[in-house]
Amino acid sequence: MTVPRIGVTPGDPGGIGPEVVVKTLSRPSVLPPAAYVLFADSGVVAAEEKRLGLRLAAREWRPEDPWEAGGYIAHVSAPGWAAVHGRVSAENGEASFRFFEAAVAEARGGRLEAVVTAPISKAAWNLAGLPWRGHTDYLAQFYPGAIMSFWSERLKVALFSHHRPLREAVAAVRKDALVDFLRSLHRSLGKIPGGPFTLLVAGLNPHAGENGSLGREEEEEIGPAIDAARAEGVPASGPFPPDTVFLRALGKKEAVVVALYHDQGLIAFKLDAFATGVNATLGLPFVRTSPDHGTAFDIAAKGVVDSRSMEEALRLAAVFSASGS
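Cut-offs applied
- Residues numbered from 1 in each chain as written.
- Predicted model: local features only at pLDDT ≥ 70, side-chain atom pairs only at ≥ 80, totals over all residues.
- Heavy atoms only, no water.
- Helix = DSSP H or I, 4+ residues; strand = E, 2+ residues; numbered from the N terminus.
- Contact = heavy atoms within 4.5 Å.
- Polar contact = N/O pair within 3.5 Å; in protein donor to acceptor, adjacent residues only side chain to side chain.
- Expected span 1.5 Å × (residues − 1).
- Bend = angle between axes of the 7 residues up to and from the residue.
- Buried < 20%, exposed > 50% of the residue type's maximum accessible area, 1.4 Å probe, protein only.
- Pairing = 2+ DSSP bridges.
- Axes fitted to C-alpha atoms, helices over the stretch in contact; angles between N-to-C directions.
- 1 Å grid on protein atoms, 1.4 Å probe; cavity = no way out; pocket = protein on both sides within 12 Å on 5 of 7 lines; lining within 4 Å.
- Points joined across faces, edges and corners; volume = space filled by probe spheres on them.
- Right-handed = clockwise from strand over helix to strand, strands pointing away.
- Core = buried A, V, L, I, M, F, W, Y, C linked by side-chain atoms within 4.5 Å.
- Phe/Tyr/Trp six-rings, centres within 6.5 Å; stacked < 30°, edge-to-face > 60°.
- Lys NZ or Arg CZ within 6 Å of the ring centre and 35° of its normal.

Student: How should I be thinking about the environment of aspartate 12 in this particular structure?
Tutor: With respect to the helices and strands, the residue aspartate 12 is situated in the loop between strand E1 (5-9) and helix H1 (17-25). Placed 107 residues apart in sequence, aspartate 12 and proline 119 show a C-alpha to C-alpha distance of 6.6 Å. If sequence neighbours within four positions are ignored, aspartate 12 has contacts with Pro18, Asn92, Gly93, Ser96, Pro119, Ile120, Ser121, Ala124, Thr295 and Phe297. For aspartate 12, the side chain forms a polar contact with the main-chain nitrogen of glycine 14, separated by 2.7 Å.

Right, here's the structure in full:
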């Protein structure tokens, strides 16, 4: 049986990423059949196995060998990583980047169908001198049309902009850029199972501008962008008041909310699906998903971590990979 090849990265060694990865991969019965390849320093994995009292039944990854369903480990050396939980460090930022970089290189080379990433610390990447604001920003250098989206059983959200200061995000809301985004999103969603999808575009201002009395962006930028996209066959509508657009989409499998900046989309999404939501990067030649939570340094190594979001990220990666997305 041919199974998808899915790379997995453990994220920041000081956060909850290694725990959710080891917990999930140690229970293969909860996951779809796939070859799961963990890209990590073997020391990080061994330390987490010992702490949790678990053991991964993983083989050494040899990309030239035939693939089978099950677990593999691809050792990625990160000699400076610190086995200290609950704090930001440059060493762990560098380690988490090396793991991710190695997995992406294999996916870009066609040796993986998907990459599933546990959370990194953007502050740690910054301390390590890395110029990217996160996974999606790194991928965007290779694939400028990469889109950050979030998936759950009841709600789907795509972000027009993501890790940008709010002042920059608001300034970026311009007709031409939004038309390009809607066009790219529609094209990417055409490769995803469960469609066709419709796009519900949020407004920027309270009450979607109230016909211009509470802001002109809806009248001058967002509305004209939606009209132009619809003229090209993109099934977009709006702009809808930001405080009600998520209710319009909730429970509707075909609906995707287009949020104009990070927190506009993520507050609603995480309120509904914090423990089970999945972050999926669209517009790539391979699948990339991750849990929708962060490193959670405050609860790292305390034995209270919920791994369901990682499980869902792995399941979604397998589904998208099997569909040829």
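Next comes the rest of the write-up.
Student: Please clarify how helix H8 (residues 217-231) should be interpreted in this entry.
Tutor: In an α-helix, one full turn covers 3.6 residues, which means residues spaced three or four apart are oriented alike. Under the 1.5 Å per step criterion, the end-to-end length of H8 is 20 Å for 15 residues, consistent within 8% with the ideal 21 Å. The largest bend along H8 measures about 30° and falls at glycine 223, with the proline proline 224 one to four residues further on. Residues of H8 that are buried include every one of Glu218, Glu221, Ile222, Gly223, Ala225, Ile226 and Ala229, and no others. Of the surrounding secondary structure, the elements contacted by the buried residues of H8 are helix H7 (175-189), strand E8 (198-202) and strand E9 (236-240). Just downstream of H8, glycine 233 is the residue with a positive phi angle, here 95°.

Student: How do you make sense of the environment of valine 256 when you look at a structure like this?
Tutor: Turning to its location among the elements, valine 256 is positioned in strand E10 (residues 255-259). Sequence separation of valine 256 and threonine 244 is 12 residues, and the distance between their C-alpha atoms is 14 Å. Dropping the residues within four chain positions of it, valine 256 is found in contact with Lys156, Val157, Ala158, Leu189, Phe197, Thr198, Leu199 and Leu200.

Student: What should I look at first to understand the sheet that holds strand E6 (residues 147-151) in this one?
Tutor: Across a sheet, strands are paired by hydrogen bonds formed along the backbone, either parallel or antiparallel in direction. In spatial order, the strands read E3-E4-E2-E1-E5-E12-E11-E6-E7-E10-E8-E9; together these 12 strands make up an open sheet with mixed pairing. Each edge of the open sheet carries a strand with a single partner, namely strand E3 (58-60) and E9. Across the sheet, the mean angle separating the axes of adjacent strands is 25° when strand polarity is ignored. With three bridges connecting them, strand E7 (residues 156-159) and E10 associate as parallel partners. Residue leucine 159 lies in a different strand from E10, and its bridge partner there is alanine 259.

Student: Which parts of the structure should I look at to understand the layout of surface pockets?
Tutor: The gaps left among the atoms become clear once a water-sized probe is rolled over them. Considering only enclosed or pocket space, the largest pocket measures out at about 400 Å³ in volume. Considering the residues around the largest pocket, the lining is formed by 16 residues, among which Trp151, Ser152, Glu153, Lys156 and Leu316 are closest to the centre. The element that contributes the greatest number of residues to the lining of the largest pocket is helix H11 (residues 308-322), accounting for five residues.

Student: Mind showing me how you'd approach the pairing of E8 here?
Tutor: On a regular strand, one side chain projects to one face of the sheet and the next to the other, so that they alternate. In terms of residue burial, E8 counts as a mostly covered element, since four of its five residues are buried. The pairing of E8 with E10 spans four bridges and is classified as parallel. For valine 201, the partnering residue across the bridge sits in E10 and is valine 258. Pairing analysis gives three bridges linking E8 to E9, with the strands arranged parallel. For leucine 199, the partnering residue across the bridge sits in E9 and is alanine 236. Each parallel crossover has a hand, and for E8 linked through H8 to E9 it is right-handed.

Student: Sorry, what's going on with the side chain of serine 309 here?
Tutor: Within the secondary structure, serine 309 is located in helix H11. The buried category is assigned to serine 309, whose relative accessible area is 0%. Here aspartate 292 takes part through its backbone nitrogen, which lies 3.2 Å from a polar atom of the side chain of serine 309. Beyond its immediate stretch of four places on either side in the chain, serine 309 contacts Ala275, Thr276, Gly277, Val278, Pro291, Asp292 and His293.

Student: Would you explain the nonpolar core in this entry?
Tutor: In a soluble, globular protein the nonpolar side chains are often hidden away together inside. Residues Ile6, Phe181, Leu182, Leu185, Leu189, Leu199 and Leu314 are the most contacted members of the largest nonpolar core, which totals 56 residues. Residue contributions to this core peak at seven residues, all from H11. Those residues in contact with leucine 199 that sit more than four places away from it in its chain are Leu182, Leu185, Leu189, Val234, Pro235, Ala236, Ser237, Val256 and Val258. Counting residues in hydrophobic clusters, the runner-up holds 29 residues, among them Val3, Ala78, Leu130 and Ala146.

Student: What exactly am I supposed to notice about the packing of aromatic side chains here?
Tutor: Working definition: an aromatic ring pair is given by the centre-to-centre distance plus the angle between the planes. Taken as a whole and judged by the stated rule, the model has 16 aromatic pairs. A centroid spacing of 6.0 Å and a plane angle of 80° characterise the contact between tyrosine 143 and phenylalanine 286, whose relative ring orientation is edge-to-face. In this pair, tyrosine 143 sits in the loop between helix H5 (135-140) and E6 while phenylalanine 286 sits in the loop between strand E11 (278-282) and strand E12 (287-291), placing the two residues 143 residues apart along the sequence. On the accessibility criterion, phenylalanine 286 (3% relative accessible area) is buried. Chaining the aromatic ring pairs together yields one cluster made of Phe97, Phe100, Trp125, Trp132, Tyr138, Phe142, Tyr143 and Phe286. Geometry around tryptophan 67 places arginine 5 over its ring, the cationic atom sitting 5.7 Å from the centre.

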